[in-house]
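Secondary and tertiary structure notes
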Amino acid sequence: MSDRLSVLKTYKLYVGGKFPRSESGRVYEVTDSKGKWLANAPQSSRKDARDAVVAARKAFGGWSGATAYNRGQVLYRVAEMLEGRKAQFVHEVADAEGLSKSRAAEQVEATIDRWVWYAGWTDKIAQVVGGGNPVAGPYFNLSSPEPTGVVAVLAPQESSFLGLVSVVAPVIATGNTAIVVASESSPLPALSLGEVLATSDVPGGVVNVLSGRTAEIAAPLASHQDVNAIDLAGADEVLAKELEIAAADNLKRVLRPQAVDNWTATPGIDRLTAFLETKTVWHPTGSLGASGSSY
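Residues numbered from 1 in each chain as written. Predicted model: local features only at pLDDT ≥ 70, side-chain atom pairs only at ≥ 80, totals over all residues. Heavy atoms only, no water.

**Considerations on the environment of Ser160**
Secondary-structure assignment places Ser160 in the loop between strand S5 (150-154) and helix H6 (162-173). Ser160 sits 63 residues away from Glu97 along the chain, and the two C-alpha atoms are 7.4 Å apart. In contact with Ser160, other than residues within four places in its own chain, are Val93, Ala96, Glu97, Ser186, Pro189 and Ala190. (Helix = DSSP H or I, 4+ residues; strand = E, 2+ residues; numbered from the N terminus. Contact = heavy atoms within 4.5 Å.)

The following block contains the structure:
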């Protein structure tokens, strides 16, 4: 019989590619579905939220400027890392959601598959939502999607891992950067995802993970002038209304909460297009003669 003490894990935030403790020094207890203590998670402050916005803005230029194919490669590398740490996530998801190990394994495998699915869309979404437009005149008229910018994402409260990835992956797949507010009661899978991102090819600041009181963290993000959009997936009806009003001050794009009965269902491309802007360019075709364009 061993007399050694277990080494308990200290969870930290993930901001700008680093793992800071909360600026306030606060933590809160995370328990499983039966009330058993699991860990202390950092309780983010308004300052942590502002730091995450700075990190996301700094990373936006490089990430949005990367080729879509390269972003797909980077996201696929994350899936590889998730596959290698599957056992850890099965344990955390089982504790977080009160699932059996087999059911938790199904959730984790669906999460990894979901990440791969979005990785495959990075260089295809432009072909679906962009294209040439018919116009009257000697012009090419082309529309192409571009990322909105810095997006605050309130992760679903009840689906700690599959729901989390389902709202985060499409944001960064299309070239945006993200500040993620983890599930308040079940933040551990999200904080562990930060560790995976840090050891993959995702540049620091592309995804920033905060844990704590959802309303407390979301309020400064919704009113922040350098946040371009917000996904309210993890907000209840009252909080969502308050955040939507705050977001209107600088005309943020807002994705309202949507009831999801089954996170394992194929998600479609709605979340990919939710935080894209369409750029339309006119270009003269040159002289047109009887034989058609000079091009």
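Moving on from the model shown.
**Here's the deal with the sheet that holds S5**
Pairing is parallel across the open sheet formed by five strands, whose spatial order is S7-S6-S5-S8-S9. Of all the strands in the sheet, just strand S7 (207-210) and strand S9 (253-255) have a single pairing partner and so form its edges. Each strand axis lies, on average, 15 degrees off the axis of its neighbour in the sheet, ignoring direction. As defined by bridge partners, S5 adjoins strand S6 (residues 177-181) across five bridges and the pair is classed as parallel. In the strand pairing of S6, Leu154 is matched with Val181. The sheet contacts of helix H1 (residues 46-65) involve S5, S6 and S7, and relative to S6 the element is tilted by about 155 degrees. (Pairing = 2+ DSSP bridges. Axes fitted to C-alpha atoms, helices over the stretch in contact; angles between N-to-C directions.)

**Notes on the layout of surface pockets**
Volume-wise, the largest pocket comes out at about 320 Å³. Taken together, 17 residues line the largest pocket, and the ones lying closest to its centre are Tyr11, Leu38, Ala39, His91 and Leu188. Counting only elements with at least two residues in the lining of the largest pocket, the list comes to strand S2 (37-42), helix H3 (86-97) and helix H7 (188-198). Each residue belonging to the lining of the largest pocket can be placed in one class, and the counts come to 11 nonpolar, two polar and four charged. Taken as a whole, the second largest pocket encloses approximately 250 Å³ of empty space. Residue assignment for the lining of the second largest pocket shows that the elements contributing at least two residues are helix H4 (101-121) and helix H10 (270-274). (1 Å grid on protein atoms, 1.4 Å probe; cavity = no way out; pocket = protein on both sides within 12 Å on 5 of 7 lines; lining within 4 Å. Points joined across faces, edges and corners; volume = space filled by probe spheres on them. Nonpolar A, V, L, I, M, F, W, Y, C, P; charged D, E, K, R; others polar.)

**Thoughts on the environment of Thr285**
Position of Thr285 relative to the elements: it lies in the loop between strand S10 (276-284) and strand S11 (288-289). Note: C-alpha distance between Thr285 and Arg253 (32 residues apart in sequence) is 35 Å.

**Examining the sheet that holds strand S4 (residues 139-147)**
Within the open sheet, the three strands sit side by side as S3-S4-S10. Their pairing is antiparallel. Only two strands of the sheet have a single partner each, and these edge strands are strand S3 (131-132) and S10.

**Structural notes on the nonpolar core**
The nonpolar side chains of soluble globular proteins are, as a tendency, buried together. Core analysis: the biggest nonpolar cluster contains 60 residues, and Leu82, Trp115, Phe161, Leu164, Ile172, Leu197 and Val207 have the highest contact counts within it. In terms of residues, this core owes the most to one element, H6, which gives nine residues. In this view, Phe161 contacts Leu82, Phe89, Val93, Glu97, Val108, Thr111 and Pro189; residues no more than four positions away in its chain are not counted. Within the second largest apolar cluster, 25 residues are counted, among which are Leu13, Val53, Ile179 and Ile230. (Core = buried A, V, L, I, M, F, W, Y, C linked by side-chain atoms within 4.5 Å. Buried < 20%, exposed > 50% of the residue type's maximum accessible area, 1.4 Å probe, protein only.)

**Here's the deal with the side chain of Asn208**
Within the secondary structure, Asn208 sits in strand S7. Residue Asn208 is classed as buried on the basis of its relative accessible area of 0%. At 2.8 Å, the side chain of Asn208 forms a polar contact with the backbone nitrogen of Gly16. Not counting residues within four places of it along the chain, the set of residues in contact with Asn208 comprises Tyr14, Val15, Gly16, Ala52, Ala55, Ala56, Ala178, Ile179 and Val180. (Polar contact = N/O pair within 3.5 Å; in protein donor to acceptor, adjacent residues only side chain to side chain.)

**Considering the packing of aromatic side chains**
Using the criterion set out here, one finds five aromatic pairs in the structure. A centroid spacing of 4.5 Å and a plane angle of 5 degrees characterise the contact between Phe89 and Phe161, whose relative ring orientation is stacked. A residue pair is termed long-range when its members are at least 10 positions apart, and Phe89 in helix H3 and Phe161 in the loop between S5 and H6 qualify at 72 residues. Taking relative accessible area as the criterion, Phe161 reaches 1% and is therefore assigned buried. Aromatic side chains Tyr139 and Trp282 sit 5.7 Å apart centroid to centroid with 80 degrees between the ring planes, which places their arrangement in the edge-to-face category. One end of the pair, Tyr139, is in strand S4; the other, Trp282, is in strand S10, with 143 residues separating them in the sequence. Residue classification places Tyr139 among the partly exposed positions, given a relative accessible area of 40%. Ring-pair connections join several aromatic residues into one group, and the members of that group are Trp117, Tyr118 and Trp121. One residue, Arg57, lies across the ring of Phe60, its end atom 5.7 Å from the ring centre. Across from the ring centre of Tyr28, 4.6 Å away, lies the NZ or CZ of Arg213, which sits over that ring. (Phe/Tyr/Trp six-rings, centres within 6.5 Å; stacked < 30°, edge-to-face > 60°. Lys NZ or Arg CZ within 6 Å of the ring centre and 35° of its normal.)

None of the figures reported here should be taken as evidence of function without further support.
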